[in-house]
Amino acid sequence: MKKSLKFIGTLTLSAMTATAALADYPERPITMIVAYSAGGGTDVAARTLIPFIEKYLGDGATITVLNRPGAGGEIGFTALSQAKPDGYTIGFINTPNLLSIPIQRQTRYSLETLEPVANIIYDPGAFSVRPDANITNLEELVAYAKEHPGEVTYGTTGIGSDDHLAALAFERAAGVQFEHIPFSGNADVRAAVLGGHVFMASMNVSETVQDAENGDLVILGQMAEKRWDGAPDVPTFQEQGYDVIMGSDRGIGAPAGIPDEALSALTAAIEKAVADPEFRAAAKKQDLALSFQDSKAFRAHLEAVNQSLETLWKEQPWVK
Amino acid sequence: MEVFDSILAALPAVLSPSVIAAMVFGTIVGIAVGALPGLSATMGIAVLIPLTFAMSPLVALGMIAGIYNGAMYGGSIPAILLRIPGTPAGIATVFDGHEMARQGRARLALNISLVSSSIGSAVSAVALLLLAPPLATIALKFGPADYFWLALFGLTTISVLLSKNPAKGFLSACFGLVLGMVGIDSLTGTERFTFGQLDLLSGIDIIVLLTGLYAIPPAIDLLLGRNVVKTGSLSVTGEKEAFAWSSLVPVWIRSSAIGLFVGLIPALGGNIAALLAWNGQRRFSKNPKNYGNGEPDGLAAPECANNADTAATLIPALTLGVPGNAVAAVILGALLVHGLRPGPELFRDNAETVFGFMLTMLFTSGLMFVIGRFGARAFVNVLRVPPRLLGPMILALTTVGIYAVHNSIFEVWMMLGFGLIGYGMEKLDIPTAPAVLAVILGPMAEESFRRALLLSRGDATYFLTSPISWVLIVLILVTLLSPLWTRILSAGKAKNAAKTAGQGRADAA
């Protein structure tokens, strides 16, 4: 309720000062749209990061979170792309949803209507199995799948999730066929693999490390360009000879057309925030896989991922 | 034991000032809401959930525990004083409670009701604390096939037990099943019944539905000036009289057991627990003729049983995600609002919160006694509040509250729309609870059915492989056959019916 009131206040303020010069950005509170529920992973990460961005924006800058959950993030992304591009509305953008939703269905936003500000988190995808499966790397997995066609079932958090897309990409790269079992949340996938109901879990590496440390799961590989420092012993897919890079990014975006002063101020503040040792300690507690990219690099990354998703969609549409 | 370690670990959080304040507030609100005819625990919780949004989960849950327990006792105040049950669970309280009041023993009747309610709640909370954790461990072993049978069991019990008029209960359940289908199909990604509406893609939020169905209809009634209480006879009569409390101990034991048992069975609620306990107590008594004529035992039994039902209902809800009745469904909704997904994982990932919540169920049963003891007269005065004041308050709270959950005005309209539907259903005597349970159980049954078939690659015998599945199948069969069984029993009883007068009362509910 408070948040909404603040939001209304922000709107009123923005109407009054729309003509003001941007020289002293930010002059008034910034709204950050989070396209997921309060208390969820993205929301918690956003609220952890905000004090640090505020600190480095300086001048008593304030950022208020506005949760606009629903439709896999589409409601929030749409709200962000339709906001006034004045630098006072920014939002968290998450891949692959940000990119896969417009491929799957007609949407009112697209990558062109957004301006990437900075990437903050890259959480690589990973495959994991129970120790009693006696499989420790991807080569053994592929061999097993070829010997036992149709027996490798894998659980994901749903159709079109990064976990699902990752497995599709791997199937293509390795020339094998798995059986996809979608679940409705991470906890369900975890329970299903630990309970032996599915053979393998396709979950982000940050969500698997805890079970791997306890010896309940074996991580076969992570789908990053280089190993995440939270799981330094897990080899990447590329190291094992499979060119699969997939994961979920959580970065900051703004409506396209945001003034350059605001964009550069935000990017600089976020870079310093992510480097802040206090924030890094808080992020470590939440198993956040930090990976800063500035505006340009983030845009290039998003366009590359978009390209590969479009190719994948053409060959193997994941929604029929 | 591990359970006691978890309980001890959660204790400091429960005893923090904010949680205690929330429990006191919740209990006061609960007793008041229960005392007001037409307002139920379900409604009270549904209205307050969105407002708890900004609180920490345990504070919110402590308040909810207070409302839940408090409302079950509150319902007995007008039942005793005015012969109007404040909540459906207060029906059986009228039988002997109001008689006692007429005989000028209202003070004693309120005291018996309060003590019995507190004891019932406490017993139930202890059962919850002891039974839920081991059940959660078993629930971890549930595979998709088991979940399918579980959801089907829940659906079966609704259809068989919930309504006097099976056609209406069935209609309501089908309404819920259809609502449950709205949104993106999680197994194929296909959009269903979304009409191209962005706001419908993630489905209909259970809180929106519950608030609409349970908070709006009473608000409309209040605005229309219904539920007006004739306050003329509203007084607590009676002197302090000596009463042999120890004589009630066997009543409490028997009624608590009945309440616990009823709470564990999906689709049965506090009203059934109360009726069963009253009937059971009468049958057991040496002088059944006194029942319905102001017998203290006949008041203690239903009041104890309807409170013993409260925490027990939460056992399947917290461990398996299967709500037994509408209140449990609202509490599941409350957990979801706070990002807590009911199920076995809850006990592992959020042990402190879930054990804390179970402890608040226990503590609020004690608080209820203290607050009820000192505030009895104040709660009697709640009945004098003009209904036209309450209606707008409820409407304002629900509107603001639902908006706050997802910052979505679309959901506010949807909630108000469900409110009108709920009002219509109430006027047509169609029960709303089957709809609410079906919204939760329908998608659960469908998803786990399809997931199981995916896992077994279309092999239907997969549904019959696990022992858990077999237990559930047997339960489903027993439930399906139970109407037949009761018919046979009642056919036998019909011969003796002439002897037992007053039986009609129990059936009427």
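Residues numbered from 1 in each chain as written. Chains lettered and ligands numbered in written order. Predicted model: local features only at pLDDT ≥ 70, side-chain atom pairs only at ≥ 80, totals over all residues.

1. Quick word on the overall build of chain A
Assigned secondary structure in chain A consists of 11 helices and 10 strands. Summarising its shape, the C-alpha atoms of chain A cover approximately 70 × 40 × 35 Å along the three principal directions. Residues counted as buried form 51% of the 320 residues belonging to chain A. Considering only contacts in chain A between residues 6 or more positions apart, those separated by 24 or more positions represent 77%. (Helix = DSSP H or I, 4+ residues; strand = E, 2+ residues; numbered from the N terminus. Buried ≥ 20, exposed ≤ 12 C-beta atoms within 10 Å, placed from the backbone. Contact = placed C-beta atoms within 7 Å.)

2. Structural notes on the interface of chain B and chain A
Listed by partner, the interface residues are 28 residues for chain B and 33 residues for chain A. Sorting the residues of the side of chain B that touches chain A by element identifies α15 (344-349), α17 (387-406) and α19 (433-455) of chain B as the ones contributing at least two each. Across the side of chain B that touches chain A, the residue classes break down as 12 nonpolar, 10 polar and six charged. (Nonpolar A, V, L, I, M, F, W, Y, C, P; charged D, E, K, R; others polar.)

3. Some words on unusual backbone geometry
Residues and elements named next belong to chain A. The residue after Thr95, namely Pro96, is reached through a cis peptide bond having omega 5°. Among the structural elements, Pro96 can be located in the loop between β3 (89-94) and α4 (97-104). Of note in this structure, Asp287 is not a glycine but carries a positive phi near 55°. Tracing the chain through its elements places Asp287 in the loop between α10 (277-285) and β10 (290-293). Given 18 C-beta atoms within 10 Å, Asp287 falls into the partly exposed group.

4. Some words on helix α1 (residues 2-14) of chain B
All names here are of chain B. Spanning 13 residues, α1 covers 18 Å between terminal C-alpha atoms, matching the ideal 18 Å at 1.5 Å per step. Here α1 has its buried residues at Ile7, Ala10 and Val14. Down the axis of α1, the buried side of the element spans an arc of 75°, and every buried residue falls inside it. The outward face of α1, more than 90 degrees from its buried face, is lined by the exposed residues Glu2, Asp5, Leu8 and Pro12. Against the buried residues of α1 lie α2 (17-35), α7 (106-139) and α16 (351-382). (Expected span 1.5 Å × (residues − 1). Arc of directions from axis to C-beta.)

5. Overview of the domain arrangement of chain A
Residue and element names in this part refer to chain A. For chain A, the assigned domains are domain 1 (2-122 + 247-315) and domain 2 (123-222). A straight line from the C-alpha centre of domain 1 to that of domain 2 covers 30 Å. Every element with two or more residues in the side of domain 1 that touches domain 2 is listed here: α4, β4 (114-129), β9 (247-255) and α11 (295-315). (Domains from an automatic or database assignment.)

6. Observations regarding helix α3 (residues 74-82) of chain A
Residues and elements named next belong to chain A. α3 sits mainly inside the fold: eight of its nine residues count as buried. Those residues of α3 lying buried are Glu74, Ile75, Gly76, Phe77, Thr78, Ala79, Leu80 and Ser81. On the buried face of α3, the contacting elements are β1 (30-34), β3, α4, β4 and β9.

7. A look at the packing of helix α4 (residues 57-74) of chain B against α16 of chain B
Residues and elements named next belong to chain B. At a minimum axis distance of 7 Å, the contact between α4 and α16 shows a crossing angle of 45°. In terms of their interaxial angle, α4 and α16 are classed as oblique. In terms of crossing hand, the pair formed by α4 and α16 is right-handed. Of the residues in α16, those in contact with Pro57, Leu58, Leu61, Gly62, Ala65, Gly66, Asn69, Gly70, Tyr73 and Gly74 of α4 are Thr353, Gly356, Phe357, Thr360, Met361, Thr364, Ser365, Leu367, Met368, Gly372 and Phe379. Its residues placed into classes, the contact of α4 with α16 shows 10 nonpolar, 11 polar and no charged. (Axes fitted to C-alpha atoms, helices over the stretch in contact; angles between N-to-C directions. Parallel < 35°, antiparallel > 145°, perpendicular 65-115°, else oblique. Left-handed = near helix turned anticlockwise from the far one by under 90°.)

8. Focus: the nonpolar core
In terms of nonpolar packing, the biggest core is built from 266 residues, with Ile45 and Ile331 of chain B touching the most fellow members. With 16 residues, the top contributor of residues to this core is α7 of chain B. Built from parts of two domains, this core gets at least three residues from each of domain 1 (2-122 + 247-315) and domain 2 (123-222) of chain A. With residues near it in sequence (within four places) discarded, Ile331 of chain B still touches Ile45, Ile64, Leu314 and Ala317 of chain B. (Core = buried A, V, L, I, M, F, W, Y, C linked by C-beta atoms within 7 Å.)

9. What about the pairing of β3 of chain A?
Consecutive side chains along a regular strand alternate between the two faces of the sheet. Residues and elements named next belong to chain A. With six of six residues buried, β3 is to be regarded as a mostly interior element. Side chains Thr89, Gly91 and Ile93 project from β3 onto one buried face, and the interleaved Ile90, Phe92 and Asn94 project onto a second face that is buried too. For β1 and β3, the ladder comprises three bridges, and the chain directions are parallel. Bridge pairing in β3 links Thr31 to Thr89. Sheet analysis places β3 next to β9, joined by four bridges and oriented antiparallel. Counterpart to Asn94 in the pairing with β9 is Arg250. (Pairing = 2+ DSSP bridges.)

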